[in-house]
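Next come the chains, spelled out residue by residue.
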Amino acid sequence: GAMSVDSITDLSDNTSKLLEALQLSHPHELDARRSLGKKKMLSLNPITWQVPRIVDRCCKHIETHGLQTVGIFRVGSSKKRVQQLREEFDRGLDVFLDEHQSVHDVAALLKEFLRDMPDSLIPRELYAAFLSTASMEGPAQLAALQLMLFLLPPCHSDTLHRLLRFLSEVARHAKSSRGPDGQEIPGNKMTVSNLATIFGPNVLQKEKPGEKDVGAMNFEDSTAVILVLQRLIEHYQTLFMVSPELQRDILRRLFQTDPDVIDYLLRRK
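In what follows, the accompanying structure is described. (Residues numbered from 1 in each chain as written. Predicted model: local features only at pLDDT ≥ 70, side-chain atom pairs only at ≥ 80, totals over all residues. Heavy atoms only, no water.)

1. Some thoughts on the environment of S102
Line of reasoning, step 1. Looking at the secondary structure, you find S102 in the loop between α3 (79-90) and α4 (103-116).
Line of reasoning, step 2. When neighbours within four sequence positions are excluded, S102 is seen to be in contact with H61 and R81.
Line of reasoning, step 3. Separated by 3.2 Å, the side chain of S102 and the backbone nitrogen of H104 make a polar contact. (Helix = DSSP H or I, 4+ residues; strand = E, 2+ residues; numbered from the N terminus. Contact = heavy atoms within 4.5 Å. Polar contact = N/O pair within 3.5 Å; in protein donor to acceptor, adjacent residues only side chain to side chain.)

2. Regarding helix α2 (residues 53-65)
Because an α-helix packs 3.6 residues into every turn, residues spaced three or four apart end up facing the same way.
Line of reasoning, step 1. Over its 13 residues, α2 runs 18 Å from end to end, which matches the ideal 18 Å to within 8%, given 1.5 Å per residue.
Line of reasoning, step 2. Residues of α2 that are buried include every one of I54, V55, D56, C58, C59, H61 and I62, and no others.
Line of reasoning, step 3. Check the buried side of α2 and you find it contacts α3, α4 and α7 (154-172). (Expected span 1.5 Å × (residues − 1). Buried < 20%, exposed > 50% of the residue type's maximum accessible area, 1.4 Å probe, protein only.)

3. Section: the nonpolar core
Line of reasoning, step 1. Formed by 58 residues in total, the largest nonpolar core has its most connected members in F73, L110 and F199.
Line of reasoning, step 2. Looking at this core, the elements that each hand over two or more residues are α2, α3, α4, α5 (127-132), α6 (138-149), α7, α8 (192-203) and α9 (219-239).
Line of reasoning, step 3. If near-sequence neighbours (up to four positions away) are discounted, F199 is found in contact with F73, L110, K111, L114, L163, L167 and L229. (Core = buried A, V, L, I, M, F, W, Y, C linked by side-chain atoms within 4.5 Å.)

4. Section: the side chain of D105
Line of reasoning, step 1. Residue placement: D105 occurs in helix α4.
Line of reasoning, step 2. Engagement of the side chain of D105 in a polar contact is seen with the backbone nitrogen of S78, the distance being 2.9 Å.
Line of reasoning, step 3. Beyond its immediate stretch of four places on either side in the chain, D105 contacts S77, S78, R81 and V82.

5. Some points on the pattern of salt bridges
Line of reasoning, step 1. Considering all chains together, one arrives at 14 salt bridges under this definition.
Line of reasoning, step 2. E234 serves as the salt-bridge partner of R231, at 3.2 Å between the closest nitrogen and oxygen. Of this pair, R231 and E234 both sit in helix α9, 3 residues apart, which is roughly one turn of that helix.
Line of reasoning, step 3. Judged by relative accessible area, which is 22%, R231 ranks as partly exposed.
Line of reasoning, step 4. Put simply, R248 and E245 hold a salt bridge, and the shortest N to O gap is 3.9 Å. Here E245 and R248 lie together in helix α10 (residues 244-257), a separation of 3 residues that amounts to about one turn.
Line of reasoning, step 5. A relative accessible area of 46% places R248 in the partly exposed class.
Line of reasoning, step 6. By relative accessible area, which is 48% here, E245 ends up partly exposed.
Line of reasoning, step 7. The network of salt bridges with common partners includes D56, K60, E63 and R162. (Salt bridge = Lys/Arg side-chain N within 4 Å of Asp/Glu carboxyl O.)

6. So, the packing of aromatic side chains
Line of reasoning, step 1. The full count for this structure, using the stated rule, is 2 aromatic pairs.
Line of reasoning, step 2. Seen in terms of ring centroids, F73 and F166 are 6.0 Å apart; in terms of plane orientation they differ by 80°. Their pairing is edge-to-face. Here F166 lies in helix α7 and F73 lies in the loop between α2 and α3, a separation of 93 residues in the sequence.
Line of reasoning, step 3. What makes F73 buried here is its relative accessible area of 4%.
Line of reasoning, step 4. Since its relative accessible area comes to 0%, F166 is described here as buried.
Line of reasoning, step 5. A centroid spacing of 4.8 Å and a plane angle of 85° characterise the contact between F73 and F199, whose relative ring orientation is edge-to-face. Of this pair, F73 sits in the loop between α2 and α3 while F199 sits in helix α8, and the two are 126 residues apart along the sequence. (Phe/Tyr/Trp six-rings, centres within 6.5 Å; stacked < 30°, edge-to-face > 60°.)

Printed below as a string of structure tokens:
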């Protein structure tokens, strides 16, 4: 019969996981321009878009005030101001970042947060699997990366998508350009390769922060980490889009194994 679901926790564990696996099935939700002024929601109520406030606000601040800043993420910051901001976010305060806040401090805060996450943005149990794609090429590499992205927990998936969208926007402003009046607009010089070099070790971590082997990454792993993150930045829009064929395949399987889930999804349309 029909299912009445008021909360995702009302579902059994297996059904909950199946529903979460379908959360990327609505590509329009990946377009921020369509949801301006609205509360961003995942495709499955009542789960909200699970991006930590500190990540989203740091990204928005730099997108607004720092895209033309030369050497963003490489120029030094004030450790004292970064620590103060971090403590304010940690206390749950509604931290307001405006044009008076140094973009270098905000950039450092974002890097620190990603570096110090208890479980890295790409979970450590998937570290070796993600790195193995570095030796692949073309469509096979992207297909493998996409399948592994589908394995990420919702919070990790949403946050990684937000970060990759942000890094792609930063890289788009790497080169100098000309404004409408012919005036030169300086580029930030942060290409996809440069950004992958900086963020790769923070997103893909083999060891937990503070463990003795952390930072002792060998050259092969370091090169692979940079290459993998570079591919994620370059192709994030495609990688986070579930193809109609895969959607149909999932729905066919669900119809055979969990018809109640199909009923729930159809009633939400």
